[in-house]
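Observations on the model geometry
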Amino acid sequence: MKTAVNSPVETLFVNSFVDGVLDPTKEMLGPVKDGGQIVANTAPGCWGPMITPCLKGGHEVTTPVFVEGAEVGDAIAIRIKSIEVTSMATSSGHDQPVEGRFLGDPFVAVKCPGCGTMYPETVIKGIGQEAIRCATCDEDITPFTFTNGYTITFSDRGDVGLTVTKDAAEKIGQDGRRYMGTPEASVQNPIVTFAPHDLVGTVARMRPFLGQLGTTPSMPLPDSHNAGDFGSFLVGAPHEYAVTQEELDEHRTDGHMDISRVRAGATLICPVKVPGGGVYIGDMHAMQGDGEIAGHTADVAGIVHLQVNVLKGLKIDGPILLPNEEDLPYTAKPLTASEKESAKALAAQWGVEEIEESLPISVVGTGTNLNVATENGLARAAKLFDVPVEEIMNRATITGSIEIGRHPGVVTVTFQAPRTYLEKTNLFDVVDEQYRNRD
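Let us look at the structure shown here. Since this is a predicted model, take the numbers as computed values, not measurements.

1. Digging into the pattern of salt bridges
Inspection of the entire model under this criterion finds 26 salt bridges. In this structure, the salt-bridge partner of Arg 101 is Asp 140, at a minimum N-O distance of 3.4 Å. With a gap of 39 residues between them, Arg 101 in the loop between strand E6 (89-97) and strand E7 (122-124) and Asp 140 in the loop between strand E8 (132-134) and strand E9 (144-154) connect regions that are remote in the sequence. Taken individually, Arg 101 and Asp 140 each receive the classification buried, so the pair is uniform in this respect. For Arg 261, the salt bridge is made with Glu 403, and the minimal N-O distance between the two is 3.9 Å. One end of the pair, Arg 261, is in the loop between helix H4 (245-251) and strand E14 (267-271); the other, Glu 403, is in strand E19 (residues 401-406), with 142 residues separating them in the sequence. The pair Arg 261 / Glu 403 is uniform in exposure class, with both members buried. When salt bridges that share partners are traced, they join Arg 207, Arg 263, Glu 326 and Asp 327 into one network.

Given below as structure tokens:
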């Protein structure tokens, strides 16, 4: 693996992207100092890359960043300082793959139905769902079309979006990169080119978050497939990025979560599976309800500011999320001073000598479906604290919740974890900092 050889910097500005594959053998940016800042101009995810066959992963995430001192078996705490949408408009909707235009997986291995070229370069001719053409033979080449789609614009205040008419969608589609604010180094075709307009006049509240935030997997994986649900498409696949289930479980880092709580103010703790960690960012969404049930939401470009800190010796299989307190389930919110007094009174009444001091965490689980993802999250939490799975089940039931990130297979197992558990695993300080002003 190529590692960074420059002197570590306090702030690293990122404006370059991978070709759709997170490859640990490729050189990273940086290094950035432990405790340093990463500022990135991210490209839209999902739909734009999905209609850009030269991108081999369904997304276009930033080039990974080497973090000073991050070694395999550590973790990196990523504090999301700010997220700002820079797109003026985007398009999205429910998809259907177009048979005959891909090899096993339309997100990864696009094949021109005309000349047979794999991962072909494209040109845009006009607007609409037949506008993406093979640069070699001029064949209509998009591997996805909309079954129901919309074009949505955003207010200058950044508070709401509004879906627009056919005429407005077509105007936006004719100047797609400008309206989407696509970064200069991005190669994706702007999805507004398709000009979908099935929803008109729908108002949606904006609350931007990152659908992709994580660390580099320890084998090459298409970026949108760095998770247990999308990654399952790679198992036994007929293309060059095929894996076994065992390889997927070992090497993935679950950076593709689509959890709407991964937003400004939250902290995400990610596993380090390659030297330097390889922090990458992308797939910013303007808004999304739990589940991302349409398969896609409003993908946008934006500016992201992160701070990274290495947590030595914290060996985890997947991410741990520390959401904003307002995003926590009611049962998982830190206890108030009044609630603590009531608990003390109960303890005195019933002879309980010691009350647990606890703080909330959300352990991410992924898998082929929501049941498998839940089992994965429970098992990860139990392994983290070296306790039985049944104990985590009880804690999540009475002091937390199971929340859907993405359908079909991303969840968070949220519960209040005892301080003794957090201290034993070197997690207490970062969790305490997240919820310090809780009284």
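2. Re the packing of aromatic side chains
Under the defined criterion, the tally for this structure stands at eight aromatic pairs. On the numbers, 6.3 Å between centres and 75 degrees between planes, the contact of Trp 47 with Phe 144 is edge-to-face. In this pair, Trp 47 is assigned in helix H1 (residues 47-50) and Phe 144 in strand E9, connecting sequence segments 97 residues apart. Accessibility classification places Trp 47 together with Phe 144 in one group, the buried group. Each member of the aromatic cluster is reached from another via a ring pair, and the members are Trp 47, Phe 107, Phe 144, Phe 146, Phe 194, Phe 230 and Phe 233. The side chain of Lys 56 reaches across the aromatic face of Tyr 119, ending 4.8 Å from its centre. Geometry around Tyr 179 places Arg 178 over its ring, the cationic atom sitting 4.6 Å from the centre.

3. So, empty space enclosed by the protein
In this structure the tally under the stated criterion is two cavities of 30 Å³ or more. Its boundaries defined by the atoms lining it, the largest cavity holds a volume of some 90 Å³. Surrounding the largest cavity, Lys 315, Ile 316, Asp 317, Gly 318, Ile 320, Val 363, Arg 380, Ala 381, Lys 383 and Leu 384 form its lining. The element that contributes the greatest number of residues to the lining of the largest cavity is helix H6 (residues 370-385), accounting for four residues. Broken down by class, the residue content of the lining of the largest cavity amounts to five nonpolar, one polar and four charged. Lining the second largest cavity we find Cys 46, Met 50, Gly 58, His 59, Phe 107, Ser 224, Phe 230, His 256, Asp 258, Glu 292, Gly 295 and His 296.

4. Let's talk about the state of the cysteines
All chains considered together, the criterion is met by zero disulfides. Unpaired in this structure, Cys 46 has its nearest cysteine sulfur neighbour in Cys 54, at a distance of 16 Å. Look at Cys 46 and you get buried, because its relative accessible area is 5%. Of all cysteine sulfurs, the one in Cys 112 lies closest to Cys 137, which takes part in no disulfide; the gap is 3.4 Å. According to the relative accessible area criterion, Cys 137 is partly exposed, its value standing at 30%.

5. Details of the side chain of Asp 105
In this fold, Asp 105 is placed in the loop between E6 and E7. Buried within the structure, Asp 105 lacks any salt-bridge partner; Arg 406 is the closest side chain of opposite charge, at an N-O distance of 12 Å. Here His 225 takes part through its side chain, which lies 2.7 Å from a polar atom of the side chain of Asp 105. Ignoring any residue separated from it by four or fewer positions in sequence, one finds Asp 105 in contact with His 225, Phe 233 and His 239.

6. Quick look at helix H7 (residues 389-399)
The complete set of buried residues in H7 reads Ile 392, Arg 395, Ala 396 and Thr 399. One side of H7 holds all its buried residues, which, seen down the axis, span an arc of 100 degrees. Facing away from the buried side of H7 by more than 90 degrees, the exposed set consists of Glu 390, Asn 394, Thr 397 and Ile 398. In this structure, the buried side of H7 is in contact with H6, E19, strand E20 (410-418) and helix H8 (419-424).

7. Overview of the nonpolar core
Ile 38 and Leu 213 are the most contacted members of the largest nonpolar core, which totals 41 residues. The leading source of residues in this core is strand E5 (residues 75-85), at five residues. Those residues in contact with Ile 38 that lie beyond four places of it in its chain are Leu 12, Val 14, Val 32, Val 65, Val 279, Ile 281, Val 304, His 305, Leu 306 and Val 308. Among the nonpolar cores identified, the runner-up in size contains 32 residues, and Phe 107, Tyr 119, Ile 141 and Met 180 belong to it.

Each value, and the rule that gives it
Residues numbered from 1 in each chain as written. Predicted model: local features only at pLDDT ≥ 70, side-chain atom pairs only at ≥ 80, totals over all residues. Heavy atoms only, no water. Salt bridge = Lys/Arg side-chain N within 4 Å of Asp/Glu carboxyl O. Helix = DSSP H or I, 4+ residues; strand = E, 2+ residues; numbered from the N terminus. Buried < 20%, exposed > 50% of the residue type's maximum accessible area, 1.4 Å probe, protein only. Phe/Tyr/Trp six-rings, centres within 6.5 Å; stacked < 30°, edge-to-face > 60°. Lys NZ or Arg CZ within 6 Å of the ring centre and 35° of its normal. 1 Å grid on protein atoms, 1.4 Å probe; cavity = no way out; pocket = protein on both sides within 12 Å on 5 of 7 lines; lining within 4 Å. Points joined across faces, edges and corners; volume = space filled by probe spheres on them. Nonpolar A, V, L, I, M, F, W, Y, C, P; charged D, E, K, R; others polar. Disulfide = S-S within 2.5 Å. Lys, Arg positive; Asp, Glu negative; His and termini not counted. Polar contact = N/O pair within 3.5 Å; in protein donor to acceptor, adjacent residues only side chain to side chain. Contact = heavy atoms within 4.5 Å. Arc of directions from axis to C-beta. Core = buried A, V, L, I, M, F, W, Y, C linked by side-chain atoms within 4.5 Å.

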